[in-house]
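# Chain and residue survey
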Amino acid sequence: MSTTSTASTISRSTAPSAASPSGGTVDAGEIARFSAIAAEWWDPRGKFKPLHKYNPIRIAYIRDAVCARFGRDPNGPLPLKGLRFVDIGCGGGLLAEPLARLGAEMVGIDAAGRNVAVAALHAEQSGVDVDYRHTTAEDLAASGERFDVVLALEVVEHVAHVPLFLQSLTTLMNPGSEPGAMLFLATINRTPKAFALAIVGAEYVLRWLPRGTHDWRKFLKPSELAAGFRPHGVTVRDITGVVYNPLRDEFSLNRRDLDTNYMLWAAGTE
Ligand SMILES: C[S@@+](CC[C@H](N)C(=O)[O-])C[C@H]1O[C@@H](n2cnc3c(N)ncnc32)[C@H](O)[C@@H]1O
Ligand SMILES: [Mg+2]
């Protein structure tokens, strides 16, 4: 993991774009879109319905991979106890809360203040301990805080500056974590099939998501993520597709089909 070039150095040296006047990872239009629907985060039939459906398999994937690497029993009580997690782009906390219940010491950050407020209220009402903060990955990375597990699920396709975002995620991985910090990422592939299913299907036919939620051009191929991690000494260790079965109305892992939704974890190059 590279600690030589800090996120703050990069953000200063990057030309500001229309999407991100600061030159950072925040796309103001994206943040406004998520803020506008923040009240719906915990409604399983609302605008985040696909995330609710997808959530149990994401939680199981993370729990099992972390337990395998850190030598924990995934079925034991509080299997993630003692491990420091950060959930980048945590939204309403759909991921942060269940992982905190499994024992993770959880920090959740989001660039949208309304999301953080909704997440914090829900955690309080549910009696779950999550440290929610309104900030960005690059600012948290620059602050020097480090984590055993870094999560960024369904976020990279919404950021303004992908190289800075990926660098910030790798910087947040604690170099002192044994046997080595993990980084989890989930996103949508840039394929014709993903255009048909994730945009036409989910936004126009099923109307699961508001139109304009996703921009196909911002989707990333697994090879592009791997190339983005490589300069920071981080390698993809596992990758799996996630497919929706309309007959069963459920998502499941499919290691042979990375064409639409996929999840991966990465760690320091050995
Ligand atoms: C599709 S939601 C995913 C939420 C959560 N990770 C989950 O999977 O349940 C994307 C989230 O990323 C946040 N976000 C977008 N760009 C961000 C950035 N540059 N830094 C931090 N959060 C960001 C949005 O505000 C939104 O809450
Ligand atoms: Mg998305």
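Rules of the game
Residues numbered from 1 in each chain as written. Chains lettered and ligands numbered in written order. Predicted model: local features only at pLDDT ≥ 70, side-chain atom pairs only at ≥ 80, totals over all residues. Heavy atoms only, no water. Helix = DSSP H or I, 4+ residues; strand = E, 2+ residues; numbered from the N terminus. Rg over C-alpha atoms; globule rule 2.2 N^0.38 Å. Areas by Shrake-Rupley, 256 points an atom, 1.4 Å probe, with all protein chains shown as cover. UniProt positions renumbered as here; feature names shortened; annotations may be inferred. Contact = heavy atoms within 4.5 Å. Polar contact = N/O pair within 3.5 Å; in protein donor to acceptor, adjacent residues only side chain to side chain. Donors = N, O, S within 2.8 Å, 3.2 Å for Na, K, Ca; no water. Buried < 20%, exposed > 50% of the residue type's maximum accessible area, 1.4 Å probe, protein only. Near = heavy atom within 4 Å. Phe/Tyr/Trp six-rings, centres within 6.5 Å; stacked < 30°, edge-to-face > 60°. Lys NZ or Arg CZ within 6 Å of the ring centre and 35° of its normal.

What the protein contains, in helices and strands, is 9 helices and 8 strands. Against the compact-globule benchmark of 18 Å for 270 residues, the protein has a radius of gyration of 17 Å, which places it among compact chains. Considering only C-alpha atoms, the protein reaches an extent of 50 × 45 × 40 Å along its principal axes. Entry remark: accessible area of the protein is about 11,900 Å², with carbon and sulfur atoms responsible for 55%.

UniProt's feature table lists "binding site: S-adenosyl-L-methionine" (unreviewed entry) at Arg58, Gly89, Asp110 and Leu153, given in the numbering used throughout. Here Gly89 shows up in the loop between strand 1 (84-88) and helix 4 (96-101). Once residues within four sequence positions are removed from consideration, Gly89 is found in contact with Ile109, Asp110 and Val155. Mapped onto the elements, Asp110 comes out in strand 2 (residues 105-110). One polar contact links the side chain of Asp110 to the main-chain amide nitrogen of Ala112, over a distance of 2.8 Å.

With distances of 2.1 to 2.4 Å, the protein atoms coordinating the magnesium ion (ligand 2) are Glu157 (OE), His158 (NE2) and His214 (NE2). Along the chain, the residues donating to the magnesium ion (ligand 2) fall in the pattern E-H-x55-H. With relative accessibility at 9%, the residue His158 sits in the buried group.

Looking now at the site of ligand 1. Every one of the 20 residues lining ligand 1 counts as a neighbour, but Arg58, Gly89, Asp110, Asn115 and Leu153 are closest to it. One nitrogen or oxygen atom from the side chain of Arg58 is found 2.7 Å from an oxygen atom belonging to ligand 1. Separating an oxygen atom of ligand 1 from a side-chain N or O atom of Asn115 is a distance of 2.8 Å. Relative to its free-state accessible area of 600 Å², ligand 1 is covered by the protein chains to the extent of 98%. Secondary structure elements with two or more residues in the shell around ligand 1: helix 2 (28-36) and helix 3 (49-70).

A separate point is the environment of Thr135. One can find Thr135 in the loop between strand 3 (130-134) and helix 6 (137-143). You can call Thr135 buried: its relative accessible area is 19%. Along the backbone, Thr135 and Val116 are 19 residues apart, and their C-alpha atoms lie at a distance of 9.4 Å. Sequence-distant contacts of Thr135, defined by excluding residues within four places in its chain, comprise Ile109, Asp110, Ala111 and Leu140.

Per the counting criterion, the structure on display carries 8 aromatic pairs. Considering the side-chain rings of Phe195 and Trp216, the 6.3 Å spacing of their centres and the 90° angle between planes classify their relative orientation as edge-to-face. Of this pair, Phe195 sits in helix 8 (residues 192-205) while Trp216 is found in the loop between helix 8 and helix 9 (222-229), placing the two residues 21 residues apart along the sequence. Phe195 gets classed as partly exposed once you look at its relative accessible area, which sits at 40%. Given the relative accessible area of 28%, Trp216 is considered partly exposed. Through a chain of ring-to-ring contacts, the aromatic side chains of Tyr54, Trp208, Tyr244 and Phe251 assemble into a single cluster. Over the ring of Tyr54 we find Arg58, and its NZ or CZ is 5.5 Å from the ring centre.

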